[in-house]
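Read off the chains here:
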Amino acid sequence: MSQPLAERLRPLSLDDYVGQKHLVGPGAVLRKMIEARRIPSFILWGPPGVGKTTLAQIIAHQLETPFYTLSAVTSGVKDVRDVIERARNGRFFSQSSPILFIDEIHRFSKSQQDSLLGAVEKGIVTLIGATTENPSFEVIRPLLSRCQLYVLKALEKDDLMQLLQRAITTDVELKKRHIELRQTGAMMRYSGGDARKLLNILELVVEAAGEGDVVITDEVVESRLQQNPLAYDKDGEMHYDIISAFIKSIRGSDPDAALYWMARMIEGGEDPQFIARRLVISAAEDVGLANPNALLLANATFEAVMKIGWPEGRIPLAECAVYLATSPKSNSAYLGIDRALQLVRQTGNQPVPLHLRNAPTKLMADLGYADGYIYPHDYPGHFKEQQYMPDELQAERLWHAQHSPAEEKLYRQMVLCWGKRFEK
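Residues numbered from 1 in each chain as written. Predicted model: local features only at pLDDT ≥ 70, side-chain atom pairs only at ≥ 80, totals over all residues. Heavy atoms only, no water.

> For this particular structure, what's the right way to read the overall build of the protein chain?
Each helix and strand counted, the protein chain has 21 helices and seven strands in total. Considered along the principal axes of its C-alpha atoms, the protein chain spans approximately 90 × 60 × 40 Å. When the 424 residues of the protein chain are sorted by exposure, 41% land in the buried category. Residue pairs at least 24 apart in sequence account for 71% of intrachain contacts in the protein chain once pairs closer than 6 positions are excluded. Total accessible area on the protein chain is roughly 23300 Å²; 53% of this is exposed by carbon and sulfur atoms. In the protein chain, the 49 positive side-chain charges and the 53 negative ones have mean positions that sit 5 Å from each other. (Helix = DSSP H or I, 4+ residues; strand = E, 2+ residues; numbered from the N terminus. Buried < 20%, exposed > 50% of the residue type's maximum accessible area, 1.4 Å probe, protein only. Contact = heavy atoms within 4.5 Å. Areas by Shrake-Rupley, 256 points an atom, 1.4 Å probe, with all protein chains shown as cover. Lys, Arg positive; Asp, Glu negative; His and termini not counted. Charge placed at Lys NZ, Arg CZ, Asp CG, Glu CD.)

Encoded structure:
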């Protein structure tokens, strides 16, 4: 059996690579590194079918270095260690580090990702990871800090048309047929910027046409695929657009739009756990302290969906979406932790004040650890003013109340405790 069209057309050089000009076009960052034959470990983040695997293979081909590949779906820690050992033993001194390509690296557990750290840090392998999910949430920080991050974009119409023309004029099988691209709108809509999906559609339509000439129109494509060309695609670019519209509708307090976009996801076969997970994030990020019960309900929704699945799972999901959309909103906690993280990065490891330190041993007590600590519960209102921030950061304010009805109560409590510090 011959290879699928997408495999037959997979390019072997950057000159034949379609799209991602911001990374591999003339003078672009990745092209410069490839031409200099000095490649750091990096992670490619982008939607499916935009050339992540292909780019990794081209780099290995041009550097003439061993290329190992693992799938995060089927590989465990032992597989990772076996590949690293093979890379260590098979490397020649004059050779670039072997490339270890891990597809869907976001599916690796923490222990699996931990097992990569030493080999990446010592240069035993050059890691190229591919992910469709935000690496900030899915890749552990120590590994992310050792890798560059490059974002790949969905292919544009011109890129897809270039790919179609190349397929019908250069592919060993397709060029035997006379193929006319009379209309391409439906193919573009179905593919959603995914090159692999586009070529699969082309191959399917050509095979279904039988012998003789092939005239491709929108009607022909739609009848072959037998589905709405605007249908939700949980693996393509529309997946990202619709979940974005869903979350923004909740944030914007529009329950009707939230239910509509949720229905689009449900009809499209989206994983219910994915929807529930986004609701938990929205409850914390967008509703926050304006209605703390929102996070409790979102978490309960996640557990309910895990227990009951489809189709009944749509009911708690809808209940939670409407509740979040109609709740007052506050992102004060979200902004507060981001300010705190920024402050830590700017000021480094400030020492903990002595009175806040733990003193489990006599030596620590003799050194002044915990000396002078005031136990708040011994005072009226369970509060007594004392210093909690590091010495150098006493004047910093990180949490700023946004004065929604529920948050106003928290704010008034802070003013009662701290006075002018929280009146600023």
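> Would you mind showing me how to read the pattern of salt bridges here?
Between side chains of opposite charge, a pair can form when the charged atoms approach closely. Applying the stated rule across the entire model yields nine salt bridges. Arg-8 is the partner of Glu-203 in a salt bridge, and the nearest nitrogen-oxygen pair spans 3.7 Å. With a gap of 195 residues between them, Glu-203 in helix α11 (residues 195-208) and Arg-8 in helix α1 (residues 5-8) connect regions that are remote in the sequence. A relative accessible area of 22% means that Arg-8 is categorised as partly exposed. (Salt bridge = Lys/Arg side-chain N within 4 Å of Asp/Glu carboxyl O.)

> Any chance you could explain the packing of aromatic side chains here in plain terms?
Applying the stated rule across the entire model yields four aromatic pairs. Summarising the aromatic geometry, the rings of Phe-42 and Tyr-150 are spaced 5.4 Å apart at their centres and angled 70° between planes, so their arrangement reads as edge-to-face. In this pair, Phe-42 is assigned in strand β1 (residues 42-45) and Tyr-150 in strand β5 (residues 148-151), connecting sequence segments 108 residues apart. Taking relative accessible area as the criterion, Tyr-150 reaches 9% and is therefore assigned buried. With a centroid separation of 5.1 Å and an interplanar angle of 75°, the aromatic rings of Phe-383 and Trp-418 are classed as edge-to-face. Of this pair, Phe-383 sits in the loop between α19 (362-366) and α20 (405-418) while Trp-418 sits in helix α20, and the two are 35 residues apart along the sequence. (Phe/Tyr/Trp six-rings, centres within 6.5 Å; stacked < 30°, edge-to-face > 60°.)

> Looking at this structure, I do not really get the sheet that holds β1. What am I missing?
Sheet strands pair via backbone hydrogen bonds, and the direction of the pair is either parallel or antiparallel. Pairing within the open sheet is parallel, and its five strands lie in the order β2-β3-β4-β1-β5. A strand with exactly one partner marks an edge of an open sheet, and here the two such strands are β2 (67-71) and β5. Pairwise comparison of adjacent strand axes, ignoring direction, gives a mean angle of 20° for this sheet. Sheet topology places β1 next to strand β4 (residues 126-131); four bridges connect them, and they run parallel. Across the sheet, Leu-44 pairs through a bridge with Ala-130, a residue of β4. Set on the sheet, helix α4 (residues 52-63) makes contact with β1, β2, β3 (99-103) and β4; between it and β3 the angle comes to about 175°. (Pairing = 2+ DSSP bridges. Axes fitted to C-alpha atoms, helices over the stretch in contact; angles between N-to-C directions.)

> Looking at this model, I keep getting lost on the nonpolar core. Mind explaining?
Across soluble globular proteins, nonpolar side chains have a tendency to be buried as a group. By size, the foremost hydrophobic cluster in this structure holds 28 residues, and its most contacted members are Met-187, Leu-202, Ile-216 and Val-221. At seven residues, α11 tops the list of elements feeding residues into this core. Those residues within four positions of Met-187 in sequence are excluded, and the remaining contacts are Leu-164, Leu-198, Ile-201, Leu-202, Ile-216 and Val-221. (Core = buried A, V, L, I, M, F, W, Y, C linked by side-chain atoms within 4.5 Å.)

> I would appreciate a short explanation of helix α15 (residues 272-287) in the present structure.
Think of an α-helix as 3.6 residues a turn; residues three or four steps apart then line up on the same face. End to end, α15 covers 21 Å across 16 residues, agreeing with the expected 22 Å (1.5 Å per residue, within 8%). Of all the residues in α15, the buried ones are Pro-272, Phe-274, Ile-275, Ala-276, Leu-279, Ser-282, Ala-283, Asp-286 and Val-287. Trailing α15 by a residue or two, Gly-288 shows a phi angle of about 55°, which is positive. (Expected span 1.5 Å × (residues − 1).)

> Would you mind showing me how to read a nonpolar patch on the surface here?
A grouping of Tyr-373, Tyr-375 and Tyr-388 is seen on the molecular surface, where their side chains present a nonpolar patch of about 320 Å² in accessible area. Along the chain, Tyr-373 falls in the loop between α19 and α20. (Patch = residues over 30% accessible without salt bridge, like charges linked within 9 Å, V, L, I, M, F, W, Y side chains within 5 Å.)

> How do you make sense of unusual backbone geometry when you look at a structure like this?
Leave glycine aside and you will find that most residues have negative phi; peptide bonds, for their part, are mostly trans. Here the phi dihedral of Arg-37 falls at roughly 60°; this positive angle occurs in a residue that is not glycine. Mapped onto the secondary structure, Arg-37 falls in the loop between α3 (29-35) and β1. Judged by its relative accessible area of 40%, Arg-37 falls in the partly exposed class.

> So what exactly am I meant to see when it comes to the pairing of β3 here?
Strand residues, when the strand is regular, have side chains that alternate between the two faces of the sheet. With four of five residues buried, β3 lies mostly within the body of the structure. With five bridges joining them, β2 and β3 adopt parallel strand pairing. Bridge assignment links Tyr-68 to a residue of β3, and that residue is Leu-100. The pairing of β3 with β4 spans five bridges and is parallel. Paired with Asp-103 across the two strands is Ala-130, which belongs to β4. Crossover β3 to β4 through helix α6 (residues 110-121) is right-handed. (Right-handed = clockwise from strand over helix to strand, strands pointing away.)

> It is not clear to me how the pairing of β4 should be interpreted in this structure. Could you clarify?
Among the six residues in β4, six count as buried, and that is most of the element. Alternating residues of β4 divide into Thr-126, Ile-128 and Ala-130 and Leu-127, Gly-129 and Thr-131, and every residue in both groups is buried.

> What's the story with the environment of Ser-404 in this structure? I'm lost.
When you line up the elements, Ser-404 lands in the loop between α19 and α20. Along the backbone, Ser-404 and Asn-291 are 113 residues apart, and their C-alpha atoms lie at a distance of 8.9 Å.

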